[in-house]
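Fold and contact review
Single-letter residue listing:
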Amino acid sequence: MSDSKSKKYKLGMIGLGTMGRNLLLNMADKGFSVTGYDKDQKMIDKLEEEGKGHHLTGFGDIKKFVDSLGSPRILVMLVPAGPIVDSVIDELKPLLSKGDLIIDSGNSHFTDTNRRVKELSKDGLHFFGMGISGGEEGARFGPSMMPGGDRNAYNDVAEILEATAAKVKGEPCVTYLGPGASGHFVKMVHNGIEYAIMELIAETYDILKNGLEKSDDEISKIFTDWNNGKLQSFLIEITGEIFLFKDKKTGVDLVDHIKDQAKAKGTGKWTSQVSMDIQLPIPTINEAVANRDLSKFKELRVSLSKRFPKPKDKLVLSLEDLENALYFAMISAYAQGMHLLVQASREYDYNLKMQDIAKIWRGGCIIRATFLEDIYEAFEKDHNLEHLFLNEKVQKIIEKELPSARKTIVTGLQAGIGMAAFASTLTYFDTLSTGEMPSNLIQAQRDFFGAHTFERDDEEGVFHADWNKVSK
Ligand code: 6PG
């Protein structure tokens, strides 16, 4: 064993693919002695090559790797979510000691994380679910990290995570979020919001391209201009850049050669599923998930498009209205995600601090945006804020943007442009801001055909009416 391999390392990374390697290099840059493990020697070579000059090394033998770590051992896993996580844990378990900490940084389902936390705690081992956002660049130069698990175990890893995370106004985009699987839950909702914003941007692109007949260059300029204003965010920024990228093969804009069929790894769907389980509606996220699925039906879409041509009228809409509408809808997507977190925190006893979540999403992650500063301020001002729409500053923004949102959505729908996420966002807002919904009728219908009973607004109790004897 070389001299450098005989020293004890502060943290070990399992899985030296691009994300794992980049995060490890980031930690090494910050002066921490770190080590990596991978079954593939090529990955170890790559790590040692890229990490030259740092106190950093790689192992292909898991026992030697574990033994090289100081106590308590801190192990971060960046392996694909699913059964691989369990098999890595099975390999590690006999080699670990009480108090050691395993951190799963993949996008694991939070229920799997719950199970793993419980199983490992029987052996005195700590297990963290810690979502990492920001892609490969983020991992290398500063991601947003969402750790959840045992509070005391966080202290063992706080210093290294805080040094490695992105910084906004000098503050790290990582903090302890809560017990159990709360870290993975928060990351899942982050991704749900990510899906919603991506879908809203895609629908905006549809209006610009097919409604307003803008060229790719013009679309790029519009998004780039918007990124200098209230819409400033990572997703708007990269969208502006995408439309400038030329395809090496054909020389035309690459975006125009990409199939219009979106894929997904599942975190958006999980967000929708959980929201239905705990009965906290997030319609914009649901529509984003549904539209990725609808996009797969290419053949059906093409054949139906021949039968049902779109209206011929020219779409008339100002860019200002479109920008305002997108702002309104993006705010609502964040608001829905935050509301889901508020409810999940109650449901699963996560004791989430919403201001902390907004704070660590301001930088490093895919949904980072200037508007997150307002979200942070709103929850910082009122730690028990039930819904973002109740914040005064947000209320003022909504009041200002609402007319443009209505105009944009009506105009797009009249032109036959699919606006699933936009329209559901507006409907969500209109429904949530109405004191009287028509749900009394639904209760009457349920009681009529199934004697499901109803409640009255003028008397406590549960009632049933003999609807069939209705006087005609
Ligand atoms: C992030 C991303 C990342 C996610 C990809 C792909 O925060 O860095 O959310 O974790 O895996 O964006 O997600 P889909 O394949 O589901 O689009």
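Residues numbered from 1 in each chain as written. Predicted model: local features only at pLDDT ≥ 70, side-chain atom pairs only at ≥ 80, totals over all residues. Heavy atoms only, no water.

1. Quick notes on unusual backbone geometry
Cis geometry is adopted by the peptide bond preceding proline 72, which originates at serine 71 and carries an omega value of -10 degrees. Looking at the secondary structure, you find proline 72 in the loop between α3 (62-67) and β4 (74-77). Even without glycine at this site, glutamine 279 takes up a positive phi of about 55 degrees. Note that glutamine 279 resides in the loop between α11 (267-277) and α12 (283-295). Glutamine 279 gets classed as exposed once you look at its relative accessible area, which sits at 70%. Here aspartate 349, not a glycine, exhibits a phi torsion of approximately 55 degrees, which is positive. Its location among the elements puts aspartate 349 in the loop between α14 (319-348) and α15 (354-360). On the basis of relative accessibility, which here comes to 62%, the residue aspartate 349 falls in the exposed class. (Helix = DSSP H or I, 4+ residues; strand = E, 2+ residues; numbered from the N terminus. Buried < 20%, exposed > 50% of the residue type's maximum accessible area, 1.4 Å probe, protein only.)

2. Description of the pairing of strand β5 (residues 101-104)
Alternating residues of β5 divide into Leu101 and Ile103 and Ile102 and Asp104, and every residue in both groups is buried. Judged from the four bridges that link them, β4 and β5 form a sheet pairing that is parallel. Looking at β5, one finds that valine 76 is bridged to isoleucine 103. As for the winding sense of the linkage, the β-α-β connection from β4 through helix α4 (residues 83-92) to β5 is right-handed. One ladder, built from four bridges, connects β5 with strand β6 (residues 126-133); its direction is parallel. Bridge pairing links aspartate 104 to glycine 129 in β6. Between the parallel pair β5 and β6, the chain is carried across by helix α5 (residues 110-121), and the sense of this crossover is right-handed. (Pairing = 2+ DSSP bridges. Right-handed = clockwise from strand over helix to strand, strands pointing away.)

3. Describing the pairing of β6
Burial analysis of β6 places seven of its eight residues in the buried class, which makes it a mostly covered element. Pairing of β6 with strand β7 (residues 144-148) involves five bridges; the strand directions are antiparallel. Bridge pairing links glycine 131 to methionine 146 in β7.

4. Quick notes on the sheet that holds strand β2 (residues 34-37)
Spatial strand order, β3-β2-β1-β4-β5-β6-β7: seven strands in an open sheet with mixed pairing. Sheet topology places β3 (56-59) and β7 at the edges, where each strand pairs with a single neighbour. Averaged over all pairs of adjacent strands, the angle between their axes in this sheet comes to 25 degrees, without regard to strand direction. Examined bridge by bridge, β2 and β3 share four bridges and lie parallel to one another. The partner of tyrosine 37 across the bridge, within β3, is phenylalanine 59. Each of β1 (11-14), β2, β4, β5 and β6 is contacted by α4, which is oriented at about 155 degrees to β4, the strand it contacts most. (Axes fitted to C-alpha atoms, helices over the stretch in contact; angles between N-to-C directions. Contact = heavy atoms within 4.5 Å.)

5. Describing the domain arrangement of the chain
Split into domains, the chain comes out as domain 1 (4-180), domain 2 (187-432) and domain 3 (439-471). For domain 1 versus domain 2, the separation of C-alpha centres amounts to 32 Å. The interface is formed by 25 residues belonging to domain 1 together with 23 residues belonging to domain 2. Between domain 1 and domain 2 the total buried area reaches about 1800 Å² when both faces are included, carbon and sulfur atoms providing 64% of it. Summed over the three residues of domain 1 that lose the most area to domain 2, namely Asn107, Phe110 and Leu177, the buried surface amounts to 27% of that side. Between glutamate 171 and arginine 362 there is a salt bridge, with the nearest N and O atoms lying 3.4 Å from each other. Our enumeration of links across domain 1 and domain 2 arrives at seven residue pairs in polar contact (both at pLDDT 80 or more). Of the residues contributing to the side of domain 1 that touches domain 2, the split by class is twelve nonpolar, eleven polar and two charged. (Domains from an automatic or database assignment. Buried area = accessible area lost by both parts, 1.4 Å probe. Salt bridge = Lys/Arg side-chain N within 4 Å of Asp/Glu carboxyl O. Polar contact = N/O pair within 3.5 Å; in protein donor to acceptor, adjacent residues only side chain to side chain. Nonpolar A, V, L, I, M, F, W, Y, C, P; charged D, E, K, R; others polar.)

6. Topic: the packing of helix α1 (residues 18-29) against helix α2 (residues 41-50)
Viewed as axis vectors pointing N to C, α1 and α2 meet at an angle of 30 degrees, and their least axial separation amounts to 10 Å. Taken as axis vectors, α1 and α2 run roughly parallel relative to one another. Like other packed secondary-structure pairs, α1 and α2 cross with a definite hand, here right-handed. On α2, the residues touching Arg21, Leu24 and Leu25 of α1 are Met43, Lys46, Leu47 and Glu50. Of the residues belonging to the contact of α1 with α2, the class tally is four nonpolar, no polar and three charged. (Parallel < 35°, antiparallel > 145°, perpendicular 65-115°, else oblique. Left-handed = near helix turned anticlockwise from the far one by under 90°.)

7. Digging into the environment of leucine 212
Relative to the assigned elements, leucine 212 resides in the loop between α8 (182-211) and α9 (216-226). A sequence separation of 105 residues divides leucine 212 from leucine 317, and the C-alpha atoms of the two residues are 7.7 Å apart. If near-sequence neighbours (up to four positions away) are discounted, leucine 212 is found in contact with Ile207, Leu315, Leu317 and Leu319.

8. A few points about the packing of aromatic side chains
Counted by the stated rule, this structure contains 19 aromatic pairs. A centroid spacing of 6.3 Å and a plane angle of 5 degrees characterise the contact between phenylalanine 223 and phenylalanine 243, whose relative ring orientation is stacked. Here the residue phenylalanine 223 occupies a position in helix α9, and phenylalanine 243 occupies one in the loop between α10 (234-242) and α11, the gap between them amounting to 20 residues. Taking the relative accessible area as the measure of exposure, phenylalanine 223 reaches 0% and is therefore buried. When the ring centre of tyrosine 195 is taken as origin, the NZ or CZ atom of arginine 292, which lies over that ring, is 3.6 Å away. Lying over the aromatic face of phenylalanine 463, arginine 456 brings its terminal NZ or CZ to 5.9 Å of the ring centre. (Phe/Tyr/Trp six-rings, centres within 6.5 Å; stacked < 30°, edge-to-face > 60°. Lys NZ or Arg CZ within 6 Å of the ring centre and 35° of its normal.)

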